[in-house]
Amino acid sequence: MLMRHLLAATLAVGTLTSAPVYAADHSPELAYVPNEGSANISVIDLATHKVVKTLPAEGSLGQKIQGIALDKDGKRLFVVDAEGNTISAIDLATGKLSTQAAGKGPEGIERSPDGRWIAVCAESSNEALLFDAASFKLGKRIPMQGENPEHCVFSPNGQWLVAGNEDTHDIDVIDLSKGKSVKLIKVDGAARGMGFTPDGSRLYVANEGKGVVEIVDTAKWEIVGSITSALRTAGIIVAADGKRVYAANGGAGTISVIDTASNTIVGTVAVGQRPWNMAFADGGNKLLVANGRSDSISVIDTRKLEVIDTIAVGKKPWGVLTK
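Note that this is a predicted model, so its numbers are computed, not measured.

Here the focus is the overall build of the chain. When helices and strands are tallied, the chain shows one helix and 28 strands. In terms of C-alpha radius of gyration, the chain reaches 18 Å, essentially the compact-globule figure of 20 Å for 323 residues. With respect to the principal axes defined by its C-alpha atoms, the chain has extents near 55 × 45 × 30 Å. Here the chain, with 323 residues, has 57% of them falling under the buried criterion. Here the contacts in the chain between residues at least 6 apart in sequence split such that 42% fall between residues at least 24 apart. Working note: accessible area of the chain is about 12900 Å², and carbon and sulfur atoms make up 47% of it. Between the mean site of the 33 positive side-chain charges and the mean site of the 36 negative ones, the chain shows a separation of 2 Å.

Quick look at the structure:
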């Protein structure tokens, strides 16, 4: 079954060379949306808020695609297939597809700040895998102390990788210089999305089970605060200037806006059903929110804190990524 999916994906992606291909600098600015239900990726032109292509044009990229990441040059897109237990790399200029095994149940994925590594969280095998972004070869396998890691997030300086464990309600702190988990932080419910402040001093953690955002002091790797958000808080993103944190509340269909100076909620924006992972666009003036059960992306004006557009995409969008 998987081979048929991959063959179809390879052939379909290959047809992209006959269509216009945007330059590697992504002008116009593009957003990539992995659609878990349709196992493809919607590509949005952020100047027009229109879907301009689908990867692949026909067929699928696997069985249950979830996290995606771009390499530092924006030339290759990496996507995980949680059912097929793989990670694939798509050359955006040629459409060429390459695939590697990626543990069991890979879901979260992120590029390291220096661009060297692509980290994958494999939920069912309880490990983080580090793939060399240039060679696309597996470099390291790091076992978790906790169970069911969903999201792997690098610290801004690239020294640490943290993984939120849904089943054991904790966070693994991985020292990348040692290549192992050196700390396990207990949280008060299922740990999902996470985000560091730009200086790396704090980590904000979405706690889906309790509907709160927890704050970790990274000097001690201890929880120092908790902010009540809304039902089933699952996604987190931190603004580039560190002044705000946005939390996606899957059960409430809202985004909570947190002021990091006071660690209080200063706004709430209603979006679609089951908002999940997010990305910034237009220099941070727009926030894109994947609405998993509405099959759409909400576009929020971060200055006015209101939805200015809704973009239809594929089935069950897992998240959204901009360069």
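With antiparallel pairing, four strands are arranged side by side in an open sheet as 12-13-14-15. Where the open sheet ends on each side, the last strands, each with one partner, are strand 12 (149-154) and strand 15 (180-186). Across the sheet, the axes of successive neighbouring strands diverge by a mean angle of 25°, strand direction being ignored. In terms of strand pairing, strand 12 meets strand 13 (residues 160-165) through five bridges, oriented antiparallel. Each bridged residue has a counterpart across the sheet, and for Cys 152 the counterpart in strand 13 is Ala 163.

Following the criterion strictly, the structure yields six aromatic pairs and no others. Each ring, one from Trp 160 and one from Trp 221, has its centre 5.3 Å from the other, and the planes form 70°; the classification is edge-to-face. On the criterion of sequence distance, the pair formed by Trp 160 in strand 13 and Trp 221 in the loop between strand 18 (212-217) and strand 19 (222-228) is long-range, its members being 61 residues apart. A residue is classified by how much of its surface remains accessible, and Trp 221, at 9% relative accessible area, is buried. A ring pair is formed by Trp 276 and Trp 318, whose centres lie 5.9 Å apart and whose planes are at 80°; its orientation type is edge-to-face. Remark: Trp 318 occurs in the loop between strand 27 (306-312) and strand 28 (321-322) and Trp 276 occurs in strand 24 (residues 275-281); sequence separation between them is 42 residues. Take Trp 318: its relative accessible area is 8%, and that puts it in the buried class. Of the aromatic side chains, those joined through ring pairs into one cluster are Phe 78, Phe 131 and Phe 136. Here the basic side chain of Arg 274 rests over the ring of Trp 276, its NZ or CZ set 5.4 Å away from the ring centre.

Sheet architecture is open: four strands sit in the order 24-25-26-27, paired in antiparallel fashion. A single partner strand is all that each edge strand has here, and the edge strands are strand 24 and strand 27. Neighbour to neighbour, the strand axes of the sheet diverge by 25° on average, direction disregarded. Pairing between strand 25 (residues 286-291) and strand 26 (residues 296-301): six bridges, direction antiparallel. Among the inter-strand pairings, Asn 291 is bridged to a residue of strand 26, identified as Ser 296.

Take the confidence of the model for the chain next. With 92% of its residues at a pLDDT of at least 70, the chain reaches an overall mean of 91. This model gives residues 1-26 a pLDDT under 50, and the stretch forms 53 contacts once residues within four places in sequence are excluded.

The next subject is the side chain of Ser 256. Here Ser 256 shows up in strand 22 (residues 254-259). Residue class for Ser 256 comes out buried when judged on its relative accessible area of 1%. Beyond its immediate chain neighbours, meaning those up to four positions away, Ser 256 contacts Ser 229, Val 245, Tyr 246, Ala 247, Asn 249, Ile 265 and Gly 267.

Conventions used here
Residues numbered from 1 in each chain as written. Predicted model: local features only at pLDDT ≥ 70, side-chain atom pairs only at ≥ 80, totals over all residues. Heavy atoms only, no water. Helix = DSSP H or I, 4+ residues; strand = E, 2+ residues; numbered from the N terminus. Rg over C-alpha atoms; globule rule 2.2 N^0.38 Å. Buried < 20%, exposed > 50% of the residue type's maximum accessible area, 1.4 Å probe, protein only. Contact = heavy atoms within 4.5 Å. Areas by Shrake-Rupley, 256 points an atom, 1.4 Å probe, with all protein chains shown as cover. Lys, Arg positive; Asp, Glu negative; His and termini not counted. Charge placed at Lys NZ, Arg CZ, Asp CG, Glu CD. Pairing = 2+ DSSP bridges. Axes fitted to C-alpha atoms, helices over the stretch in contact; angles between N-to-C directions. Phe/Tyr/Trp six-rings, centres within 6.5 Å; stacked < 30°, edge-to-face > 60°. Lys NZ or Arg CZ within 6 Å of the ring centre and 35° of its normal. pLDDT = per-residue confidence, 0-100.

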